[in-house]
Every structure is written in structure tokens, then in C-alpha cells.
Amino acid sequence: MNSIQKKIWTLAAVVLFIMMAIWGALTYYNQKTQNQYNDILQRYLRMNEVTSASQQTITDLNNYLLAPNAANLAQLNESKENIRKARLEVIGLRNAENDFALTNYMNLIDSLVETTDRSLMFQSEKETEDSAKAFSEATRISKYISDMTLTLLDTELKTYDRFYRSIIEQSAELKKLGIWLLLLIMLLLLLFTYWFSLSITRPVLKLTQAAKELSRGRFDLQIEVESNDEISFLAKMFDRMRININNLISEIQQKAQLENELQQNKLLLQESQLRSLQSQINPHFLFNTLNTLSKKAYLEGSEETSDLLASVAGLLRYNLKRLDRSVTLYDEVKVLRQYIEIQKARFTERLQFHTEIDESCLHIQIPGLTLQPIIENAVIHAVEPEENGGTIWFRIINGDERVTIEIEDDGPGMTELKIKQILEEHLIETEGHSTGIGFSNVVRRLRLFYGYEDVIGIESGSGSERGTKVMLKIPKTRGNE
């Protein structure tokens, strides 16, 4: 991961490298020009050194001729040695332009040395006149050397005039090149700085925009930052925080929905219990009275009446249970049989009731008072209004994951509007129901109990077709929890 600090150091390194490159190029060119100037100056100095050495030699020779002692002779020998050294240095100045003149120049230097030696020899042999002539010759040669030095310097100036002009032209071109190069470097640095700033500010802007969206409550937008530094890591942590907040909100909403459903369930149960209580007159007293009447009828030999009273008492006792407790299918079927016995005593042969029950399913849990209101609804609408009565089929069918309970009648059927009202849990009057619990109440309690909508289905004929079939789809897992 490239850190922001590394990016800043990279920018600084690039700028430093460019500055070092410019400084190195300028230093190299300046040193090269300086070396060329030094070479030319050395050429002039070497030629001037020959003139000075020749003049010093003439002076020292004159001093020795006037006062021939050891000190003046040593000084003269030193001057001769200096002029020989100067001659050797001048040899390196030869080129195509000054070849001939420099050759004559070397010969003049050699002649000066020879003439000086000849003057000394004549002086040692006491030939004063010849020594003086040799001194005069040496003086004339020294003057020639001075004139030749000026001639050579003039030739050097003409030779290097083009060089001076080329240096001036190069300096002007270099100045122009330096300006264009500076502009180019500034442009490249601006572009690089712009790109570098974007690599930092663009992720920050995206992160800022994401923070604004989160402040508006939009937790479903994914935070994506294309970067490879600390900002990218911050964006990932920010996105993880968004996901956690979103999950937390979802959990809170689910809990609120669950609490709302539980509250509705409680209200529904309270309403059902209230309706049940409203439809009963002192149920405990009535229950005890029915038991007493049942025993009295049995003792008097009216067994049919005793059984009927026992069924009513059992039905009443079952209705006294709390509706917020689940029961087994076995309990529901048992109280259903008691209810049918009571209705058969009322309708005699007009009520036909057929059952197909899979005994292995009777342990399944189901809300209390679920089956009786549905059967009672069939009795009220399919049997009671018909002159010849009607038939009700009750089936419990075992499936792979669910148990299907079917309640079917051969009555006139339901309209589409009423089926829709029941499935949408609209409040429908329940006049005539012994429990005060309507069909819609049963549908709502089943959905709350099992936690999903597809728990009940209703099929009903229309026109010439008759009959209504109610299908309850009960999951098996609820009974094993």
C-alpha cells in the first residue's frame, strides 16, 4: 500500500531530481567553458612568459658582464633555465594556423640561448669586444622574440575569434534552451502536481460524498474508493461501519415489527377472549350446572341427553382455556367431535360429517380454537339454511414438510369478495358463533403463530358449482420446536 507520506516523498524526490539534473547540466557546461577559457589564457601566458624570460636573460647577462661574479652568473643560469622551460611549454601550442611562425619562434629562442652562451664564452676569454657584440646580438634577438610574441598573440586572437563568437552564440542558444526547458519543467511539474493532488483529493471527495449520503440515511449505497493508501483503508472501514449500521437498523426494524406483531397478537387474543367472555354467562357456573344435569340425566336413564350435556360441558371447558397457548391437533379434533355431536343433536339427519384423519399428525401444535370456528362457519352457511341440510368433510393429510387440513362442504359457496375479505383479515360479523371467534380472526392467529402468509387457502364454486373447501397448511417443524 502506497501511503500518502510515500507519495509526498516521491513528489519531493522528483522535484529534487529535476533540480539536480539542471544544476548538473549548468555546472558541466560552465566548467567546460571555463576550461576552454583557461586553455586560451594559458596559451597567452606561456607566450608572454617567453618574452619575460628573454628580457630577464638579457638583463642578467648585462649585469654579469658589468660585474662578473658568482651571484650574477647563478642568476643568469637561472634565467637561461627559465627560458628553456618556457620554450618547452610553447611547443605544446603548435597548430595548423601558427606552425611556421612558431617554428621561427623556437629558433629565435634557441638563438638567444646560443648568443648568450657565446657572450659568456667571450667574456671568459677576456675578449670584451666580441662579448659586447654577442650581447648586442642577444638584445636584438630578445627584441625579435618580443615582436614575434605579439605576432603569435595576434594570430591566436584571430584564430580564437571564431571560438569566442561560437561561445557567445552557444550562450545565447543555451539561454533560450534554458527558458524553454524551464517552461517545460514547470508544465510537467504542474501536471504531475495536479495528478498527485487528484490522487489524494479525489478519494477524499468520494469519502465526503459518501458521508453526506449516510447523513441522509442512505445506508444501501456501497462506498467505493479507488486508491492504494490510507484513504482506501479508511473507506473500507467506513463501508464496513455502513454495513454494520445498516444491519443494526434492519435488526431494529425486524424487532420493532416483531414487537408490533406480538402486540397485535396480544390485542387479538384479548379481543377473542373478550368476545368469548361476552358470549358466555358465568361460564364456570354454567359448566358446573351442565355437569350436574348430565349426571342427573344419566341416573334417570336418559343416556343420550347425558352424552349431549357432557359434550356441551367439554366444549365449554375447552373454550375456557387461554387462547395464547398452543394445543395439539389431537385436542382440536377431540373438541371438534364434541361440537359435531351437539350439532347432530340439533340437525339430526340433516348434518352429515365425514372424517379422514392421519393419526400420525395429531401431535402437531396449532393455535387453540382454530378448527371449530371454521367447521361452525360451514354449519351456519352450508347446513343450517338448506332444507335438506348438508355434508361436511374433514381431512388431515400428512405431507413431506407440512400437514394439510381440509374442511369441505357442499353449500352454496362464498363470493370472491368474501374470500378476499377473509384472507385480508377484514372484520366480519360472527353472529351465531358459539365462541365469538370469526373466520378472519382464525386466519390472523394462524399467520401470527407460524410467521408466514401462505398458511390458508380457500376454494369456492360459483354459479352451478357448489361447495367451499378451506385448506390449512401447517408446518411440521413448529411442533418439534
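Thresholds, definitions, all that
- Residues numbered from 1 in each chain as written.
- Predicted model: local features only at pLDDT ≥ 70, side-chain atom pairs only at ≥ 80, totals over all residues.
- Heavy atoms only, no water.
- UniProt positions renumbered as here; feature names shortened; annotations may be inferred.
- Helix = DSSP H or I, 4+ residues; strand = E, 2+ residues; numbered from the N terminus.
- Patch = residues over 30% accessible without salt bridge, like charges linked within 9 Å, V, L, I, M, F, W, Y side chains within 5 Å.
- Areas by Shrake-Rupley, 256 points an atom, 1.4 Å probe, with all protein chains shown as cover.
- Salt bridge = Lys/Arg side-chain N within 4 Å of Asp/Glu carboxyl O.
- Pairing = 2+ DSSP bridges.
- Phe/Tyr/Trp six-rings, centres within 6.5 Å; stacked < 30°, edge-to-face > 60°.
- Buried < 20%, exposed > 50% of the residue type's maximum accessible area, 1.4 Å probe, protein only.

The name recorded for the protein chain in an unreviewed UniProt entry is histidine kinase, from Cohnella boryungensis. Database annotation for the protein chain, UniProt heading Subcellular location (unreviewed entry): "Cell membrane".

Trainee: I keep staring at the environment of serine 232 and nothing clicks. Help me out?
Mentor: Mapping serine 232 onto the fold places it in helix 5 (residues 230-278). Sequence spacing of serine 232 and proline 203 is 29 residues, and the spatial spacing of their C-alpha atoms is 7.5 Å.

Trainee: How should a nonpolar patch on the surface be read in this particular structure?
Mentor: On the surface, Ile179, Trp180, Leu182, Leu183 and Met186 cluster together into a nonpolar patch covering about 550 Å² of accessible area. Along the chain, the position of leucine 183 falls in helix 4 (residues 128-215).

Trainee: I keep staring at the pairing of strand 5 (residues 402-409) and nothing clicks. Help me out?
Mentor: Residues in a regular strand point their side chains to alternate faces of the sheet. Strand direction decides the pairing type here: strand 4 (residues 390-398) and strand 5, joined by 7 bridges, are antiparallel. Within strand 5, the position partnered with asparagine 398 by the bridge is valine 403. If you look at the hairpin formed by strand 4 and strand 5, you'll find 3 residues sitting between the two strands. Here 8 bridges tie strand 5 to strand 7 (residues 468-475), and the two strands are oriented antiparallel to one another. Note that in strand 7 the partner of glutamate 406 across the bridge is methionine 471.

Trainee: How do you make sense of the packing of aromatic side chains when you look at a structure like this?
Mentor: For the structure shown, the criterion picks out 3 aromatic pairs. When the ring of phenylalanine 192 is compared with that of tryptophan 195, the centres are 5.7 Å apart and the planes differ by 40°; the resulting orientation is tilted. Placement of both phenylalanine 192 and tryptophan 195 in helix 4 is noted, with a separation of 3 residues, approximately one turn of the helix. Seen from their ring centres, phenylalanine 353 and phenylalanine 394 are 6.4 Å apart, and the 20° between their planes marks the pair as stacked. Placement of the pair is phenylalanine 353 in strand 2 (residues 351-357) and phenylalanine 394 in strand 4, with a sequence separation of 41 residues. Judged by relative accessible area, phenylalanine 394 falls into the buried class, the value being 1%.

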